[in-house]
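Okay, here's what each chain looks like letter by letter:
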Amino acid sequence: MEKTVLTAIPALPEGLPKIQLSDNSIKVLEKRYLRRGADGEPIETIDEMFWRVAYNIAVIDENYDGEALSRAEEFYRLMTTRKFFPNSPTFTGAGTPLGQLAACFVLPISDDMGKLTTGIFQTLRDAALIQQTGGGNGFSFSRIRPKDMIVRSSAGKATGPVGFLRVYDHAFNEVAQGGSRRGANMAVLRVDHPDVEEFITCKTSEQAITNFNLSIAMTDDFMRAVELDEDWDLVFPDLTAPGFPKDFDGDVSDAKAKGLPIRVFKTLKARDLFDLIVTQAHHNGEPGVLFIDQANRENPIPNLYRLESTNPCGEQWLGPYENCCLGSINLAQHGKDDGTVDWEMLRESVTIATHFLDNVIDANAYVPAVPQLREAAMTARRIGLGIMGLADLMYMN
């Protein structure tokens, strides 16, 4: 039988190093990451926390005919020498009943109220379940029809992306992430969507939409139009056109690729729209911008999906239901006494950290009620290994 995240943890072996931390770091770890008993008091030490994480990630090796204990000691040394740290959910979730180890996910939103598994409220349900386990979410709202567009099935008028963004925001305001903090979220809208102006300004008030970061998906065509001071059309698939397929599920780029009719809702100067983005970003830091065409040119698996959104912090583009399996190499711990970089040590750390993160993919319990999350993770096995401590390394050198 395969090992799981709930495998019993052996005692911390004798002779392993103890991590050296500042007083402030110790306080943060004790407050946020140590497992606690029914009385609210810690039931593990800081070193035992690192061992809990190391062993529960290493035990996955047994699923591939490997040996867990020696691998756990290797992972433990890598972390307690401060050469590498995984993301926070790995510390809080490994070896616990929750077992959710991913920092964040990207979820698809279709222009649908209930028939599709990717419909607006089905995705809201999935996102709320993810946030309960400690994860954040990224969404593209670009598939949702513009505000006041006629809904053919009901002859009513559409709510629009910003209206549903507010619905999501109100829902997330009531969900405490992992029982301890509010969830982070990213909302993305294409720069050619008819509601993009409303989207850009929807957080002018600091009290509005408090649970989302906002980003505009900038296209190559838009940036060329800005450069050349050209007009810019705000467009959407013409869903009401005779013969338009009822089962269409996509944004304007999907419609163009299929040769479907496109409706122009408004034409304005590209520079005016660009100036609005810049002005609003100067006002309160939002929206950000994402260069979606460049992201898709660099998509390593375009046969599986087209990229539409990033995670909440914007550092990783993800496909539908994919997650951030993240960790960082601490460069400050890879310098020699003579001021040079210990490249061999760095190579070894990267190798072990990559093995660690790949194991996390298997060890993660995800959210059982949203099975697409595990399926997406196992299909692409995405990991993100970054760096920290570069300034410290350069200062020491």
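Our subject in this report is the structure included herewith. (Residues numbered from 1 in each chain as written. Predicted model: local features only at pLDDT ≥ 70, side-chain atom pairs only at ≥ 80, totals over all residues. Heavy atoms only, no water.)

**As for the overall build of the protein**
When you go through the protein residue by residue, the secondary structure sums to 14 helices and 16 strands. Taking 397 residues into account, the globule formula puts the C-alpha radius of gyration at 21 Å, and the protein, at 23 Å, falls close to it. Across its three principal axes, the protein shows a C-alpha extent of roughly 75 × 50 × 40 Å. Within the span of the protein, comprising 397 residues, buried residues form 49% of the whole. A separation threshold of at least 6 residues defines the contact pool for the protein, and within that pool the share at least 24 residues apart is 72%. When the accessible surface of the protein is totalled, it reaches about 19,000 Å², and 52% of it is carbon and sulfur. Within the protein, one finds 39 positive and 55 negative side-chain charges whose respective centroids are separated by 4 Å. (Helix = DSSP H or I, 4+ residues; strand = E, 2+ residues; numbered from the N terminus. Rg over C-alpha atoms; globule rule 2.2 N^0.38 Å. Buried < 20%, exposed > 50% of the residue type's maximum accessible area, 1.4 Å probe, protein only. Contact = heavy atoms within 4.5 Å. Areas by Shrake-Rupley, 256 points an atom, 1.4 Å probe, with all protein chains shown as cover. Lys, Arg positive; Asp, Glu negative; His and termini not counted. Charge placed at Lys NZ, Arg CZ, Asp CG, Glu CD.)

**Section: the sheet that holds strand β12 (residues 288-291)**
The strands making up a sheet are joined through hydrogen bonds of the backbone, oriented either antiparallel or parallel. Read across the sheet, 5 strands follow the order β2-β3-β8-β9-β12 without closing on themselves; strand pairing throughout is parallel. Taken across any chain shown, the strands that pair with only one partner, and hence form the sheet edges, are β2 (104-107) and β12. Between one strand and the next, the sheet's axes are offset by a mean angle of 25°, whatever the strand orientation. Bridging between β2 and strand β3 (residues 136-140) involves 4 bridges; their strand directions are parallel. Note on β3: the bridge partner recorded for Phe105 is Asn137. Here helix α6 (residues 161-172) sits on the sheet in contact with β3, β8 (185-190) and β9 (213-218), set at roughly 175° to β8. (Pairing = 2+ DSSP bridges. Axes fitted to C-alpha atoms, helices over the stretch in contact; angles between N-to-C directions.)

**Let's talk about the state of the cysteines**
Here a disulfide denotes a covalent bond joining the sulfur atom of one cysteine to the sulfur atom of another. Summed over the entire model, instances satisfying the criterion amount to 0 disulfides. With no disulfide of its own, Cys313 lies 6.3 Å from the sulfur of Cys104, the closest cysteine sulfur. (Disulfide = S-S within 2.5 Å.)

**Some thoughts on the nonpolar core**
Membership of the largest hydrophobic core comes to 84 residues, with the highest contact counts inside it found for Phe141 and Phe212. Examining the composition of this core, we find that 9 residues originate from one element, helix α2 (residues 46-58), more than from any other. Other than its neighbours up to four places away in sequence, Phe141 contacts Ile109, Pro161, Phe164, Leu165, Tyr168, Ala187, Val188, Leu189, His193 and Phe212. (Core = buried A, V, L, I, M, F, W, Y, C linked by side-chain atoms within 4.5 Å.)

**Description of the packing of aromatic side chains**
Counted by the stated rule, this structure contains 19 aromatic pairs. For the ring pair Phe141 and Tyr168, a centre distance of 5.6 Å and an interplane angle of 70° mean the geometry is edge-to-face. Of this pair, Phe141 sits in the loop between β3 and β4 (150-151) while Tyr168 sits in helix α6; the two residues are 27 residues apart in sequence, bridging distant segments of the chain. Grouping residues by exposure puts Phe141 and Tyr168 together as buried. Ring geometry for Phe141 versus Phe212: centroids 6.4 Å apart, planes at 70°, classification edge-to-face. Here Phe141 is found in the loop between β3 and β4, whereas its partner Phe212 is found in the loop between α7 (196-201) and β9, with 71 residues between them in sequence. Considered together, Phe141 and Phe212 belong to a single accessibility category, that of buried residues. Within the aromatic cluster, the residues linked to one another by ring pairs are Phe139, Phe141, Tyr168, Phe172 and Phe212. Of note, Arg263 hangs over the ring of Phe265, and the distance from its end group to the ring centre comes to 4.2 Å. (Phe/Tyr/Trp six-rings, centres within 6.5 Å; stacked < 30°, edge-to-face > 60°. Lys NZ or Arg CZ within 6 Å of the ring centre and 35° of its normal.)

**Overview of unusual backbone geometry**
The peptide bond linking Glu286 to Pro287 adopts the cis configuration, its omega dihedral lying at 10°. Non-glycine residue Arg381 carries a positive phi angle of around 50°. Since its relative accessible area comes to 26%, Arg381 is described here as partly exposed.

What is shown is where atoms sit, not what they do.
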